[in-house]
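Breakdown of the fold
Letter by letter, the chains look like this.
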Amino acid sequence: MENVHTVIKEFIKIHNLEASHIVLSESCHTVQDAANAIGAFGHEFVKNICMMDADNHLIVAIVNGEDRASTSRVAKALNIERPRLATEDEIISLTGFPPGGIPSFGFKATFLIDPKVTELNHIYTGGGSPYSLVKINVKTMIQVNGGQVVRIRK
């Protein structure tokens, strides 16, 4: 697990990101777990929902921690057939990170960001494992992942 933390820390350092990596002693696999662990509110967190298109390209739908991503809205935004959720093996293979720790940047994917996320100054996202988070400025996150802001929440 230390290796995935090192990867995130190095990415933040190399790209000189306005971000901090937080490693916790308890799991922050769910938004509620994470909020409880650091004493923050659920709306400050994002979920990175990994999906696959018909050509097996990775799509990451970034939504507020209290929202759900819509595959039909993702399909409409990208003008593609409705994507499917990625499997655990696909997620690990394509991102290098386990489910529950997926960051909102740092790997090749099509990133879609729900506009509700952009209403915040900073967010907490996966930090590489279910035991870590990254606090990052929203504008910085969008700049580094090259994401498109489009409504994708249900």
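A brief look at the structure comes next. (Residues numbered from 1 in each chain as written. Predicted model: local features only at pLDDT ≥ 70, side-chain atom pairs only at ≥ 80, totals over all residues. Heavy atoms only, no water.)

The subject of this paragraph is the sheet that holds strand 1 (residues 19-23). Strand order across the open sheet formed by three strands is 1-7-6, with antiparallel pairing between neighbours. Of all strands in the sheet, those with a lone pairing partner are strand 1 and strand 6 (122-126), marking the two edges. Across this sheet, the average inter-strand angle for adjacent strands is 25 degrees, counted without regard to direction. Relative to strand 7 (residues 132-137), strand 6 runs antiparallel, the two being bridged by five bridges. Bridging from a neighbouring strand, Gly126 pairs with Leu133 of strand 7. Sheet contacts for helix 5 (residues 138-145): strand 6 and strand 7; angle to strand 7, the most-contacted strand, approximately 100 degrees. (Pairing = 2+ DSSP bridges. Helix = DSSP H or I, 4+ residues; strand = E, 2+ residues; numbered from the N terminus. Axes fitted to C-alpha atoms, helices over the stretch in contact; angles between N-to-C directions. Contact = heavy atoms within 4.5 Å.)

The next thing to look at is the pattern of salt bridges. Taken as a whole and judged by the stated rule, the model has three salt bridges. The partner of Lys116 in a salt bridge is Asp67, and the shortest N-O contact between them spans 3.1 Å. With Lys116 in the loop between strand 5 (110-113) and strand 6 and Asp67 in the loop between strand 3 (58-64) and helix 3 (71-78), the pair connects residues that are 49 residues apart, well separated along the chain. On the accessibility criterion, Asp67 (12% relative accessible area) is buried. (Salt bridge = Lys/Arg side-chain N within 4 Å of Asp/Glu carboxyl O. Buried < 20%, exposed > 50% of the residue type's maximum accessible area, 1.4 Å probe, protein only.)

So, about helix 3. Residues spaced three or four apart along an α-helix point in a common direction, a consequence of the helix completing one turn every 3.6 residues. Looking at helix 3, one finds that the buried residues are Thr71, Val74 and Ala75. The arc that holds every buried residue of helix 3, seen down its axis, measures 100 degrees, which confines them to one face. The inward-facing, buried residues of helix 3 contact strand 2 (46-52), strand 3 and strand 5. (Arc of directions from axis to C-beta.)

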